[in-house]
Amino acid sequence: MADTNMWGKHPAQLVRDAQWFNSGPPPELLRRSFVTPTDLFFTRNHGAVPLIDAADYRLKVEGLVEHPLTLDLETIRTAMPGQSVAATLACAGLRRDELQAHRPIPGEVAWGAEPVSNGVWTGVPLRDVLLSAGVKPGAAHVEFAGMDEVSRHGKTFGFGGSIPLDKALSSEVLLAFDLNGEPLPPAHGFPIRAVVPGCIGARSVKWLSSITVTDHPSPNYFQAHAYKTFPPEITPETVRWEDGLMLHDLPLNAVIWSPLPDEVLDTGPVDVEGWSMASGGNVVERVEVSADGGLSWIDAELTEEGNRWTWRFWSARLSLKPGRQTIVARATDSAGQRQPEFVDGLWNFKGYMNNAWHRVNVEVV
Ligand code: MTE
């Protein structure tokens, strides 16, 4: 068993991959607080967690800028106006297990609905740093490079990725140094990480070493190959990586975290609870829940407000008939977007972005 304590994690944390410590909280603990305690916050690493000495840390800002910068931790922490942003991070591989049940996806972490957590991040707005460096004409993307080393296909390189310049200049994107009021723990990117609210977790690059303003998306493996999506007919054998679409926004999603799969429940009313998050900075307008596999629906009550970069909690009281029942949840956001009913059309050989209606089978006696 992986040592969850080594990274300051709760002993009940679900470890999906012990080698790099990919872990997430069990739903029964995750649902207890709107802001996820740091010891339950999911971790997604592609290589070993680098242990960085704060005194030696330097962050470079370079590329298409008038004045390249080299910033030390003290300067970032104290000499620049800070800001806190509540934002829910989720991995693009969230709910991959349902895609895998439909068709195999070998070689990828078998995530359920656990790589999601909501944190309060404190740091310096990336916008302020970019404006003080002076963005040159022709700039279109901002590339982040991490200090970790990752091996893929016989090569070793750093983790990285990029976001479009307009997102980088929005007020919610941070160079974060604190999570939930404490310095980032090593597993979450100490001393500085990007936090890109609304985007797949992969763009929130940890252990940041450089920020490069460019006229093109990052050529890093995790932007140009991984974290791309392809239609269901494409396989690892037929893929042409350049044809894939780079993932950016998280999709609209709704997840049931109570009851749990295969829970045995008494006939009669049951409280169904979960979370939902909209895509692209939209707001969740409605969550509907069904007690009969999706034939009829009732509106859930949206309980916690949050902001447009955080999840919302919801709950509904359903009346269940005896027997094996499927509880279903689906959301609609402020852009009128709705979730797809089934995983079939969503399936992709990397197993990203599953936002089909969430189904939980229970036994009612
Ligand atoms: N940054 C670096 N440098 N290396 C990584 O492996 N993983 C990314 C992102 N940033 C990663 C990274 C992915 S895929 C996700 S989902 C988030 O970090 C997870 O952030 P967390 O571990 O703090 O929850």
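Here the residue index of a chain counts from 1 through its sequence in written order. The predicted origin of the model limits local features to residues at a pLDDT of at least 70 and limits the giving and counting of side-chain atom pairs to 80 or more, whereas totals for whole chains, interfaces and linings rest on all residues. Values reported for side chains reflect all heavy atoms of the structure, with hydrogen atoms and water molecules removed beforehand.

J.: Report on the packing of aromatic side chains, specifying residues and quantitative values.
T.: Each Phe, Tyr or Trp ring, with Trp reduced to its six-membered ring, pairs with another whose centre is within 6.5 Å; inter-plane angles below 30 degrees give stacked pairs, above 60 give edge-to-face pairs, and intermediate values give tilted ones. Tallying each qualifying case throughout the model produces 17 aromatic pairs. Pairing Phe-157 with Tyr-221 gives two aromatic rings, centres 5.6 Å apart and planes at 45 degrees, and the pair type is tilted. Taken together, the residues span a long stretch of sequence, with Phe-157 in strand β8 (residues 155–164) and Tyr-221 in helix α6 (residues 221–224) at a distance of 64 residues. Burial status follows relative accessibility: with a 1.4 Å probe on protein chains alone, a residue under 20% of its type maximum counts as buried, one over 50% as exposed, and anything between as partly exposed. The class of Phe-157 is partly exposed, set by a relative accessible area of 23%. Taking relative accessible area as the criterion, Tyr-221 reaches 15% and is therefore assigned buried. Ring centres of Trp-257 and Phe-313 lie 4.9 Å apart, and the angle between their planes is 85 degrees; on these two criteria the pair is classed as edge-to-face. On the criterion of sequence distance, the pair formed by Trp-257 in strand β15 (residues 253–258) and Phe-313 in strand β21 (residues 312–320) is long-range, its members being 56 residues apart. Here Trp-257 and Phe-313 have matching classes, each one buried. Here the aromatic residues Phe-157, Phe-159, Tyr-221, Phe-222, Tyr-227 and Tyr-352 are joined through ring pairs into a cluster of three or more. Lysine NZ or arginine CZ positioned within 6 Å of the ring centre and within 35 degrees of the ring normal marks a charge as sitting over the ring. In this structure, Arg-103 packs its charged tip against the face of Trp-347, placed 3.7 Å from the ring centre. Here a helix means four or more residues in a row that DSSP labels H or I, a strand means two or more in a row labelled E, and each is numbered from the N terminus.

J.: Residues and numbers for the site of the ligand, please.
T.: In these notes, residues near a molecule or strand are those with any non-hydrogen atom within 4 Å of it. Every one of the 20 residues lining the ligand counts as a neighbour, but Phe-42, Asp-148, His-188, Arg-193 and Lys-206 are closest to it. A distance of 2.7 Å separates an oxygen atom of the ligand from a polar atom in the side chain of His-46. His-188 has a polar side-chain atom sitting 2.7 Å from an oxygen atom of the ligand. Out of a free accessible area of 530 Å², the ligand has 100% covered by protein chains. Polar contacts, as counted here, are pairs of nitrogen or oxygen atoms within 3.5 Å of one another; within protein the pair requires one atom able to donate a hydrogen and one able to accept it, and residues that are adjacent in sequence qualify only if both atoms are side-chain atoms. A 1.4 Å probe and the Shrake-Rupley method give the accessible areas. Residues count as covered only by the protein chains that appear here.

J.: An account of the nonpolar core is needed here, citing residue identities and associated values.
T.: Each nonpolar core is a collection of buried residues, namely Ala, Val, Leu, Ile, Met, Phe, Trp, Tyr and Cys, held together in the definition by side-chain atoms within 4.5 Å. Core analysis: the biggest nonpolar cluster contains 75 residues, and Trp-121, Leu-126, Phe-144, Leu-208 and Ile-211 have the highest contact counts within it. Residue contacts follow a heavy-atom distance rule, with two residues in contact if any of their heavy atoms lie within 4.5 Å. Those residues in contact with Phe-144 that lie beyond four places of it in its chain are Leu-126, Phe-159, Gly-160, Gly-161, Ile-163, Ala-194, Val-196, Arg-203, Val-205, Leu-208, Ser-210 and Ile-211. Counting residues in each nonpolar core, the second largest holds 22 residues, with Val-270, Ala-300, Ile-327 and Ala-329 among its members.

J.: Just give me the short version of the environment of Lys-321, but keep the residues and values in it.
T.: Structurally, Lys-321 can be placed in the loop between β21 and β22 (323–333). For Lys-321, a relative accessible area of 63% translates into the label exposed. Taking C-alpha positions, Lys-321 is 9.6 Å from Glu-363, a pair spaced 42 residues apart along the chain.

J.: Give a detailed account of unusual backbone geometry, specifying residues and quantitative values.
T.: In the segment running from Phe-190 into Pro-191, the intervening peptide bond is cis, with an omega of 5 degrees. Considering the arrangement of structural elements, one finds Pro-191 in the loop between β10 (182–183) and β11 (193–195). With an omega dihedral of 0 degrees, the bond running from Ser-258 to Pro-259 counts as a cis peptide bond. In this structure, Pro-259 sits in the loop between β15 and β16 (264–265). In the Ramachandran plot, Arg-95 falls in the positive-phi region, its phi being about 65 degrees despite a non-glycine side chain. Inspection of the secondary structure assignment puts Arg-95 in the loop between β5 (83–90) and α3 (96–102). Not every positive phi belongs to a glycine, and Met-353 is a case in point at roughly 60 degrees. Positionally, Met-353 belongs in the loop between β22 and β23 (358–364). When its relative accessible area of 18% is taken as the criterion, Met-353 is described as buried.

J.: Outline the sheet that holds β23, supporting the account with residue identities and numerical values.
T.: Spatial strand order, β16-β23-β22-β18-β19: 5 strands in an open sheet with mixed pairing. A single partner strand is all that each edge strand has here, and the edge strands are β16 and β19 (298–299). With 2 bridges connecting them, β16 and β23 associate as parallel partners. Within the sheet, the bridge partner assigned to Val-264 lies in β23 and is Glu-363. For two strands to be treated as a pair, DSSP must find no fewer than two bridges joining them.

J.: Can you lay out helix α4 (residues 126–133) for me, pointing to particular residues and giving the numbers?
T.: All of the buried residues along α4 are Leu-126, Val-129, Leu-130 and Ala-133. Buried residues of α4, viewed axially, fall in a sector of 95 degrees; they line one side. Two residues or fewer after α4 comes Gly-134, characterised by a positive phi angle close to 80 degrees. Note: the arc covers the axis-to-C-beta directions of the helix.

J.: Give a description of the pattern of salt bridges that names residues and reports values.
T.: Oppositely charged side chains may form a pair once their charged atoms are brought near each other. Basic side-chain nitrogens of Lys or Arg form a salt bridge, by our definition, when they fall within 4 Å of a carboxyl oxygen of Asp or Glu. Here the structure, examined in full by the defined rule, presents 14 salt bridges. Notably, a salt bridge pairs Arg-16 with Glu-114, separated by 2.7 Å at the nearest N-O pair. Separated by 98 residues along the polypeptide, Arg-16 in strand β1 (residues 14–17) and Glu-114 in the loop between α3 and β6 (116–125) bring together distant segments of the chain. By relative accessible area, which is 38% here, Arg-16 ends up partly exposed. Linking Glu-363 and Arg-324 is a salt bridge whose minimum nitrogen-to-oxygen distance equals 3.1 Å. Linking Glu-363 in strand β23 with Arg-324 in strand β22, this pair joins segments that are 39 residues apart in sequence. What you see here is one network of salt bridges that share partners, running through Arg-96, Glu-108 and Lys-350.

Limitation: the analysis is restricted to geometry and does not speak to function.
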